[in-house]
Amino acid sequence: MSATTKTAARKALPAELGTVPAHVAIIMDGNGRWAASRGLPRIAGHRAGAMAVRRTIEAALHHGVAWLTLYAFSSENWRRPAGEVNDLTTLLRHYVKSEIAELAAHGVRLRVIGEAARFPDDIQASLGAAERATRANARLNLTIALSYGGRAEIVAAARRAAAAIAAGEIDPAALDEAAFGRLLFTDGMPDPDLIIRTSGEQRLSNFLLWQAAYAELVFLNVLWPDFGAVQFAEALADYASRERRFGARPG
Ligand code: FPP
């Protein structure tokens, strides 16, 4: 079969029959615009965004996606007005408490990546408890990126590598991509196969910079609170239609 025929055949398959990405990562963007377009305060958009998170987890479970990573709060989001940061923190506190039992019941394992230590103690405690309570689950690995920044993650890993080298614990020649990858927050996680960004913006905004090396990118013209099963399936179908070569020439 020629490469063109193969691509055409893949295009004809619905997401369920094509290649399902093992790891989907999502930049959830557009909550503010969703709220503004309705004359509502920004927190209303974030609340509606939390409902979209729920629908997305259901969709990931439905399609058999094993890893789902959501960019919920970037390192840069601390620069937003104190009121909005406080609203987002309150929403996160409420979300973890109200959803964890259901997530656990559906075989979801929760992980947090980022500088969770910058959040209030009670949130850190409930996130830690949720991670421990779901550690044995394997159906869906749900990772929430909180106070996460890709450059900061890489710098922290470089600092750790430098310290280990200075202490004579690592031979610089042994520091290859795999060894460096183990120093990142995402140690033990596969790289994302598909990164989705909503709201029409087309950039990574400091999300999974190292890990995104070979990810397929899908940009959707939908605001995050309007995202659901239909858009998730659409992104999976787009992914299934692509030919991934990881830098190699077509065979
Ligand atoms: C981007 O929209 C969204 C965020 C900064 C926060 C994401 C939070 C949620 C989806 C809800 C809570 C999630 C969890 C996991 C509890 P924006 O505010 O940048 O929108 P705009 O670009 O339209 O202003």
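Residues numbered from 1 in each chain as written. Predicted model: local features only at pLDDT ≥ 70, side-chain atom pairs only at ≥ 80, totals over all residues. Heavy atoms only, no water.

1. Side note on the layout of surface pockets
In this structure, the largest pocket occupies an estimated 830 Å³ of space. If you trace the largest pocket, you find 39 residues lining it, with Met28, Asn31, Tyr71, Ala72 and Phe73 closest to the centre. Secondary-structure elements contributing two or more residues to the lining of the largest pocket are α2 (31–36), α3 (42–63), β2 (67–74), α4 (82–105) and β4 (140–148). Among the elements that take part in the lining of the largest pocket, α4 stands out by supplying nine residues, more than any other. Counted by class, the lining of the largest pocket contains 21 nonpolar, ten polar and eight charged residues. Put simply, the second largest pocket is a space of about 270 Å³. (1 Å grid on protein atoms, 1.4 Å probe; cavity = no way out; pocket = protein on both sides within 12 Å on 5 of 7 lines; lining within 4 Å. Points joined across faces, edges and corners; volume = space filled by probe spheres on them. Helix = DSSP H or I, 4+ residues; strand = E, 2+ residues; numbered from the N terminus. Nonpolar A, V, L, I, M, F, W, Y, C, P; charged D, E, K, R; others polar.)

2. Some points on the site of the ligand
Taken together, 17 residues lie near the ligand, and Asp29, Gly32, Arg33, Arg42 and Arg80 sit nearest. Arg42 is positioned such that a nitrogen or oxygen atom in its side chain is 2.8 Å from an oxygen atom of the ligand. In the complex, 91% of the free accessible area of the ligand, which totals 620 Å², lies under the protein chains. Here the ligand is seated within the largest pocket. When residues in the shell around the ligand are grouped by element, the largest group, four residues, is from α3. Classifying every residue of the shell around the ligand by side-chain character gives seven nonpolar, six polar and four charged. (Near = heavy atom within 4 Å. Polar contact = N/O pair within 3.5 Å; in protein donor to acceptor, adjacent residues only side chain to side chain. Areas by Shrake-Rupley, 256 points an atom, 1.4 Å probe, with all protein chains shown as cover. Sits in = over half its atoms within 2 Å of the grid points.)

3. A short note on the sheet that holds β4
Strand order in the open sheet formed by six strands is β3-β4-β2-β1-β5-β6, and the pairing between neighbours is parallel. The open sheet has two edge strands with one neighbour each: β3 (108–113) and β6 (216–219). The average angle at which neighbouring strand axes cross in this sheet is 20°, direction not considered. Where β2 meets β4, seven bridges bridge the pair, whose relative direction is parallel. (Pairing = 2+ DSSP bridges. Axes fitted to C-alpha atoms, helices over the stretch in contact; angles between N-to-C directions.)

4. Overview of the packing of aromatic side chains
Tallied over the entire structure, the rule returns eleven aromatic pairs. For the pair Phe180 and Trp210, a centre-to-centre distance of 4.9 Å together with 45° between the ring planes defines the contact as tilted. Taken together, the residues Phe180 in helix α7 (residues 177–181) and Trp210 in the loop between β5 (194–197) and β6 connect sequence positions 30 residues apart. According to the relative accessible area criterion, Phe180 is buried, its value standing at 11%. Its relative accessible area of 31% is what places Trp210 among the partly exposed residues. (Phe/Tyr/Trp six-rings, centres within 6.5 Å; stacked < 30°, edge-to-face > 60°. Buried < 20%, exposed > 50% of the residue type's maximum accessible area, 1.4 Å probe, protein only.)

Keep in mind these values describe shape, not function.
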